[in-house]
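Summary of structural features
Residues per chain are reported as follows:
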Amino acid sequence: MAQEDLRNTAEDVADQFLRVTKQYLPHLARLCLISTFLEDGIRMWFQWNEQRDYIEATWSCGYFLATCFVLINLVGQLGGCVLILSRNFVQYSCFAMFSIIALQTVAYSILWDLKFLMRNLALGGGLLLLLAESRSEGKSMFAGVPSMGESSPKQYMQLGGRVLLVLMFMTLLHFDSNFFSILQNLVGTGLMVLVAVGFQTKLAALTLVVWLLAINVYFNAFWAVPAYKPMHDFLKYDFFQTTSVVGGLLLVVALGPGGVSMDEKKKEW
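The shown structure was predicted, so the numbers you read here are calculated from the model rather than taken from an experiment.

1. Focus on the overall build of the protein chain
For the protein chain, the count of helices and strands is 12 helices and zero strands. For the protein chain, the sequential pattern of α-helices and β-strands runs α-α-α-α-α-α-α-α-α-α-α-α. Counting every atom, the protein chain has about 14,700 Å² of accessible surface; 69% of that belongs to carbon and sulfur.

2. Quick notes on the UniProt feature "transmembrane region" (unreviewed entry) in the protein chain
Mapped onto the present numbering, the UniProt feature "transmembrane region" (unreviewed entry) falls at residues 63-85, 92-111, 155-173, 179-199, 206-227 and 239-260. Taken end to end, residues 155-173 is 79% helix and 0% strand, and its first and last C-alpha atoms sit 29 Å apart. For the annotated span residues 179-199, helix accounts for 90% and strand for 0% of the residues, and the straight-line distance between the end C-alpha atoms is 27 Å.

3. Some thoughts on the nonpolar core
Counting residues in each nonpolar core, the largest one holds 49 residues, and the members touching the most others are Phe-37, Leu-130, Phe-169, Leu-208, Leu-212, Leu-249 and Leu-250. Looking at this core, the element that brings in the most residues is helix α6 (residues 114-134), giving nine residues. If we skip the residues at most four places from it in the chain, Leu-130 touches Arg-30, Leu-33, Ile-84, Arg-87, Val-90, Cys-94 and Leu-251. Residues Ile-55, Ala-66, Phe-69 and Val-70 belong to the second largest nonpolar core, which totals seven residues.

4. Observations concerning the side chain of Arg-162
Counting through the fold element by element, Arg-162 comes out in helix α7 (residues 153-165). According to the relative accessible area criterion, Arg-162 is buried, its value standing at 1%. Here the side chain of Arg-162 touches Val-195 through a polar contact of 2.8 Å, landing on its backbone oxygen. Ignoring anything within four residues of it in the chain, the contact list for Arg-162 reads Leu-129, Val-195, Ala-196, Val-197, Gly-198, Thr-201, Val-252, Pro-257, Val-260 and Ser-261.

5. Considering a nonpolar patch on the surface
On the surface, a cluster of nonpolar side chains totalling about 460 Å² of accessible area is made up of Leu-38, Ile-42, Trp-45 and Phe-46. Mapped onto the secondary structure, Leu-38 falls in helix α2 (residues 25-46). Classification of Leu-38 by relative accessible area gives partly exposed; the value is 32%.

6. Digging into α6
With 21 residues, α6 extends 30 Å between its outermost C-alpha atoms, agreeing within 8% with the 30 Å of an ideal straight helix rising 1.5 Å per residue. Taking burial as the measure, the 21 residues of α6 include 16 buried ones, the bulk of the element.

7. What about the confidence of the model for the protein chain?
In regions of low pLDDT, the predicted coordinates are not meant to be interpreted in detail. With 88% of its residues at a pLDDT of at least 70, the protein chain reaches an overall mean of 84. Considering each helix and strand of the protein chain separately, the mean pLDDT is smallest for helix α1 (residues 2-21), with a value of 69, and largest for helix α4 (residues 62-85), with 95. Here residues 137-150 is modelled with pLDDT under 50, and outside its nearest four sequence neighbours on either side it reaches 13 contacts, counting other chains as well.

8. Here's the deal with the environment of Gly-124
Of note, Gly-124 is situated in helix α6. Each C-alpha atom of the pair Gly-124 and Val-245 lies 9.1 Å from the other, and the pair is 121 residues apart in sequence. Those residues in contact with Gly-124, other than ones at most four positions away along the chain, are Phe-98, Ile-101 and Leu-164.

Conventions adopted
- Residues numbered from 1 in each chain as written.
- Predicted model: local features only at pLDDT ≥ 70, side-chain atom pairs only at ≥ 80, totals over all residues.
- Heavy atoms only, no water.
- Helix = DSSP H or I, 4+ residues; strand = E, 2+ residues; numbered from the N terminus.
- Areas by Shrake-Rupley, 256 points an atom, 1.4 Å probe, with all protein chains shown as cover.
- UniProt positions renumbered as here; feature names shortened; annotations may be inferred.
- Core = buried A, V, L, I, M, F, W, Y, C linked by side-chain atoms within 4.5 Å.
- Buried < 20%, exposed > 50% of the residue type's maximum accessible area, 1.4 Å probe, protein only.
- Contact = heavy atoms within 4.5 Å.
- Polar contact = N/O pair within 3.5 Å; in protein donor to acceptor, adjacent residues only side chain to side chain.
- Patch = residues over 30% accessible without salt bridge, like charges linked within 9 Å, V, L, I, M, F, W, Y side chains within 5 Å.
- Salt bridge = Lys/Arg side-chain N within 4 Å of Asp/Glu carboxyl O.
- Expected span 1.5 Å × (residues − 1).
- pLDDT = per-residue confidence, 0-100.

Quick look at the structure:
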């Protein structure tokens, strides 16, 4: 009974939060989501020579192709961010961002680093949610595709986005024997499962937002490290990538889990 009361109280708090922020939350979610692309695009501008030289040395692709790589990342990311924030050509911008994630995954050998790969996939999940959010009911880029019952492509995008988002939290699990780590793993895993299957989704996603923000500020405080140290850039990268996943979770909070979820199925029971 006490657990039921606690859950109801938490749901009431989450509903109140949504009522107060419903006009601003989607905008904040999009800003958080594109933050890592915005930061990386700006970094490409200020570290043009370093990025070009790294790609040229790593892949022996020559000066011209290395320059093209940096230029594509700079223009694609900054241009995509502007279009997404201005709500113009959002679907095309999302596809451009997907391409840049894939390009960087190969160029920086992220494919062989499980932690960074999972974080990139989580970032892709956020973009998938943004793509779903941008789809209007009247227009569809899947025009002509036969209907699949009550589940539209948008709802499958929301499902895929939710599942990919939780990969970020799998990189935060600590396999230690102390009580705090075990408790954190159990609670975090439970919340991840709830978001993935779409049960009590808004409450679980909002809890993960608070948890991830706290972890991000504590562990990725790049502003506390001098800019000339390599750790500054690593922490800055992690900070903004985590902020983008927070943006994806905020989209889940603002828009709900979609039709392919337990929350939606509960309405039919």
